[in-house]
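For reference, the chains in residue letters:
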Amino acid sequence: MTNQKRTAGEQARRRVMGAEFVDAALEGASDYELPLQELTMEHAWGVAWTRDELDLKTRSMITISMLIAQRAFEELKGHLRGALNNGVTPSEIREVIIHSAVYCGYPAALSAMRVAKEVIEKSRDFSETTD
């Protein structure tokens, strides 16, 4: 692992997901799991999330869509919180989920909507869903 990419990745991950989330992921990782956490930090966060061509808000919306397509709802929770941190509004999240119903299937979209509702209700931005 390159220290530069890992450092950049950790900074990006903390900016998007929040320091508390990153600390919990790293501190909770066993010696067995830690290499995957480090690879994630360097590759996903240090390479993909630090590129300049897309802003973090756009990357978050794309990530939400892909996680819905994969039905990776546990990962979706964290990235929904990250999306809110990146300025994605609850209304925009709802539209991404509605749009995903056509391409990912209604069961995936319905599950994603339940996950989003749970995450948004816990956030300070829940009032935006009424716009």
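## Looking at the packing of helix α4 (residues 56–70) against helix α6 (residues 90–104)
- Interaxial distance between α4 and α6 falls to 10 Å at its minimum, and their mutual angle equals 40 degrees. Comparing the axis directions of α4 and α6 gives the class oblique. By crossing handedness, the relation of α4 to α6 is classed as right-handed. From α4, K57, M61, I64, S65, I68 and A69 reach across to α6, where they touch E92, I93, V96, I97, S100 and C104.

## Quick word on the packing of aromatic side chains
- Following the criterion strictly, the structure yields 1 aromatic pair and no others.
- Summarising the aromatic geometry, the rings of W45 and W49 are spaced 4.7 Å apart at their centres and angled 25 degrees between planes, so their arrangement reads as stacked. Exposure class is identical for W45 and W49. Each is buried.

## Topic: the packing of helix α1 (residues 3–17) against helix α5 (residues 73–85)
- At their nearest, the axes of α1 and α5 sit 7 Å apart, and the two run at 85 degrees to each other. Judged on the interaxial angle alone, α5 and α1 are roughly perpendicular. Where α1 abuts α5, its residues R15, V16 and M17 lie against G78, H79, G82 and N85.
- A breakdown of the residues in the contact of α1 with α5 according to their chemical character gives 2 nonpolar, 4 polar and 1 charged.

## Focus on the side chain of S60
- Note on placement: S60 falls in helix α4.
- S60 sits in the buried class, given a relative accessible area of 2%.
- Only 2.8 Å separates the side chain of S60 from the side chain of N86, close enough to count as a polar contact.

## Here we look at the environment of D23
- Residue position: D23 is located in helix α2 (residues 19–27).
- Note on D23: relative accessible area 27%, which makes it partly exposed.
- Not counting residues within four places of it along the chain, the set of residues in contact with D23 comprises R14 and G28.

## Quick look at a nonpolar patch on the surface
- A cluster of nonpolar side chains, V102, Y103, Y106 and L110, forms an exposed patch at the surface whose accessible area comes to about 510 Å².
- Looking at the nonpolar patch, the elements with two or more residues in it are α6 and α7 (106–122).
- Structurally, the position occupied by V102 is in helix α6.
- Residue V102 is classed as exposed on the basis of its relative accessible area of 58%.

Rules used in this analysis
- Residues numbered from 1 in each chain as written.
- Predicted model: local features only at pLDDT ≥ 70, side-chain atom pairs only at ≥ 80, totals over all residues.
- Heavy atoms only, no water.
- Axes fitted to C-alpha atoms, helices over the stretch in contact; angles between N-to-C directions.
- Helix = DSSP H or I, 4+ residues; strand = E, 2+ residues; numbered from the N terminus.
- Parallel < 35°, antiparallel > 145°, perpendicular 65-115°, else oblique.
- Left-handed = near helix turned anticlockwise from the far one by under 90°.
- Contact = heavy atoms within 4.5 Å.
- Phe/Tyr/Trp six-rings, centres within 6.5 Å; stacked < 30°, edge-to-face > 60°.
- Buried < 20%, exposed > 50% of the residue type's maximum accessible area, 1.4 Å probe, protein only.
- Nonpolar A, V, L, I, M, F, W, Y, C, P; charged D, E, K, R; others polar.
- Polar contact = N/O pair within 3.5 Å; in protein donor to acceptor, adjacent residues only side chain to side chain.
- Patch = residues over 30% accessible without salt bridge, like charges linked within 9 Å, V, L, I, M, F, W, Y side chains within 5 Å.
- Areas by Shrake-Rupley, 256 points an atom, 1.4 Å probe, with all protein chains shown as cover.
- Salt bridge = Lys/Arg side-chain N within 4 Å of Asp/Glu carboxyl O.

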